[in-house]
Amino acid sequence: MKKTVEVSAPGKLMLFGEHAVVYDRPCIVIAVNQRLTVRTSFYPGNKIIIDAPNVGIVGYETEISRLGKGNNIPKGVRFIEIAVANFFDLYKVSSGLKIETRSDFSSEFGFGSSSAVTVGTVTSLFRLFQIDCSKKDIFDLCFETVFSIQGLGSGFDIASAIWGGALYFVNRGKKIEPLKIKKLPLLVGYTGVKADTAPLVNKVASLRERNPKIVDSMFDTIKDIVEDARVCLEKQDLKGLGELMNLNQGLLDSLGVGSDKLSCMINAARESGAYGAKLSGAGGGDCMIALAPSGKKQNVESAMKVAGGFPVNIKFEPEGVKIVNL
Ligand code: MEV
């Protein structure tokens with residue numbers, strides 16, 4: 001039996017369909033080449049020990065009998081601890097463990113560190129306890145874990161960390177379809193503002209409560225954008241994709257999830273030659289994305305900087321979760 005398993009899972013970027021995906025419309029997400037690593041080892045005794053230095057946690061301990069039960073489990077270990085509790089519960093196994101994480105990316109960017117750490121933890125446990133699993137088994141357990149903590153979310157970020165590449169995804173994994181794409185000249189700009197997903201999802205929910213017909217028809221239009229974007233992505237029609245990004249952004253602004261900073265950066269990218277630009281994720285801050293011809297990359301990045309943003313150097317990542325130490 002293996003004593004230590006090391007697993008790495010990628011971060012993600014939403015390309016199209018945020019918010020509408022929570023209401024059963026599809027979205028398109030890609031994995032990015034910033035990865036989070038989880039190293040899980042059997043450990044003598046009856047404790048789970050967690051080191052997550054990227055989020056300032058070293059030497060955190062909890063008794064197996066208390067797993068997931070404390071009221072003040074620190075945020076940086078909550079996803080790991082609840083994932084272990086759910087895994088032990090579902091598969092009727094138990095052991096002392098040491099779990100160590102390290103990440104290529106800051107949790108500030110909205111690249112999905114919570115979902116990547118949950119996917120990494122669950123995948124390492126399946127391997128450590130030598131229990132066969134499908135990607136969907138990993139998804140279901142991770143979705144249950146993340147949903148029980150956050151109380152909302154479609155699970156697109158979990159699917160992206162598991163499958164990698166580009167995915168066409170419908171809420172809660174009702175559809176998870178890998179898309180074939182070769183390259184995507186995407187530029188990413190961080191606003192410098194950490195977004196908080198829950199209030200933004202709740203804001204859209206209350207807008208929809210007051211205006212159900214209008215907001216649902218906006219979600220339907222976002223669905224049409226996603227369907228067309230799927231075709232453009234597979235055909236490498238970058239101009240078409242850029243136009244669809246701009247249309248999607250207009251609807252996100254109307255849903256009230258834009259921000260002045262995002263608008264400045266998005267407009268700057270468009271004016272300096274991008275095919276299109278939009279926010280990515282919940283909105284309110286985090287990152288915007290732009291699609292630009294290779295000759296315009298420098299111009300667009302400089303314009304995003306002048307608008308107060310911080311270009312983030314990331315690329316499309318074809319590989320999902322993987323065992324590192326075979
Ligand atoms: C947040 O990154 C994207 C949302 O669509 C929420 C979700 O799908 O979990 C707003």
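Criteria and cut-off values
Residues numbered from 1 in each chain as written. Predicted model: local features only at pLDDT ≥ 70, side-chain atom pairs only at ≥ 80, totals over all residues. Heavy atoms only, no water. Near = heavy atom within 4 Å. Polar contact = N/O pair within 3.5 Å; in protein donor to acceptor, adjacent residues only side chain to side chain. Areas by Shrake-Rupley, 256 points an atom, 1.4 Å probe, with all protein chains shown as cover. Nonpolar A, V, L, I, M, F, W, Y, C, P; charged D, E, K, R; others polar. Phe/Tyr/Trp six-rings, centres within 6.5 Å; stacked < 30°, edge-to-face > 60°. Helix = DSSP H or I, 4+ residues; strand = E, 2+ residues; numbered from the N terminus. Buried < 20%, exposed > 50% of the residue type's maximum accessible area, 1.4 Å probe, protein only. Lys NZ or Arg CZ within 6 Å of the ring centre and 35° of its normal. Axes fitted to C-alpha atoms, helices over the stretch in contact; angles between N-to-C directions. Left-handed = near helix turned anticlockwise from the far one by under 90°. Contact = heavy atoms within 4.5 Å. Pairing = 2+ DSSP bridges.

## Some points on the site of the ligand
Looking at the ligand, the residues that line it are Glu-18, His-19, Val-21, Val-22, Gly-153, Ser-154, Phe-156, Val-201, Gly-281 and Ala-282. At a separation of 2.9 Å, an oxygen atom of the ligand approaches a polar backbone atom of His-19. With respect to the ligand, the side chain of Ser-154 contributes an N or O atom lying 2.6 Å from an oxygen atom. Relative to its unbound accessible surface of 300 Å², the ligand loses 93% to contact with the protein. Taken together, the residues that form the shell around the ligand break down as 5 nonpolar, 4 polar and 1 charged.

## Regarding the packing of aromatic side chains
For the structure shown, the criterion picks out 13 aromatic pairs. Considering the side-chain rings of Tyr-23 and Phe-219, the 4.8 Å spacing of their centres and the 20° angle between planes classify their relative orientation as stacked. In this pair, Tyr-23 is assigned in the loop between strand 1 (4-16) and strand 2 (26-42) and Phe-219 in helix 6 (residues 212-235), connecting sequence segments 196 residues apart. The two residues Tyr-23 and Phe-219 agree in class, both being buried. Taken together, the aromatic side chains of Phe-42, Phe-87, Phe-88, Tyr-91, Phe-126 and Phe-129 make up a single cluster linked through ring pairs. Between Arg-172 and the ring centre of Phe-147, over which it is positioned, the NZ or CZ distance is 4.6 Å. Taking NZ or CZ as reference, Arg-230 lies 4.3 Å from the ring centre of Tyr-168, over its face.

## Here's the deal with the packing of helix 3 (residues 135-150) against helix 4 (residues 156-163)
Following both chains from N to C, one finds helix 3 and helix 4 inclined at 145°, their axes separated by 10 Å at the closest point. Like other packed secondary-structure pairs, helix 3 and helix 4 cross with a definite hand, here right-handed. Counted together, Lys-135, Lys-136, Ile-138, Phe-139, Cys-142, Phe-143 and Val-146 of helix 3 and Ile-158, Ala-159, Ile-162 and Trp-163 of helix 4 form the full contact between these two elements. Tallied by class, residues from the contact of helix 3 with helix 4 come to 9 nonpolar, no polar and 2 charged.

## Topic: the pairing of strand 8 (residues 186-190)
Most of strand 8 sits out of view: 5 of its 5 residues are buried. Residues Leu-186, Val-188 and Tyr-190 of strand 8 are buried on one face, and the alternating residues Leu-187 and Gly-189, pointing to the opposite face, are buried as well. Across 5 bridges, strand 8 lies against strand 10 (residues 287-291) in antiparallel orientation. Its bridge partner lying in strand 10, Leu-186 is registered against Leu-291.

## A look at the environment of Lys-297
Structurally, Lys-297 is set in helix 9 (residues 297-306). Residues Lys-297 and Pro-44, spaced 253 residues apart in sequence, show a C-alpha to C-alpha distance of 53 Å.

## Considerations on the side chain of Thr-121
On the secondary structure map, Thr-121 appears in helix 2 (residues 113-128). Apart from the residues within four sequence positions on either side, Thr-121 is in contact with Val-38, Ile-80, Ala-83, Val-84 and Ile-99.

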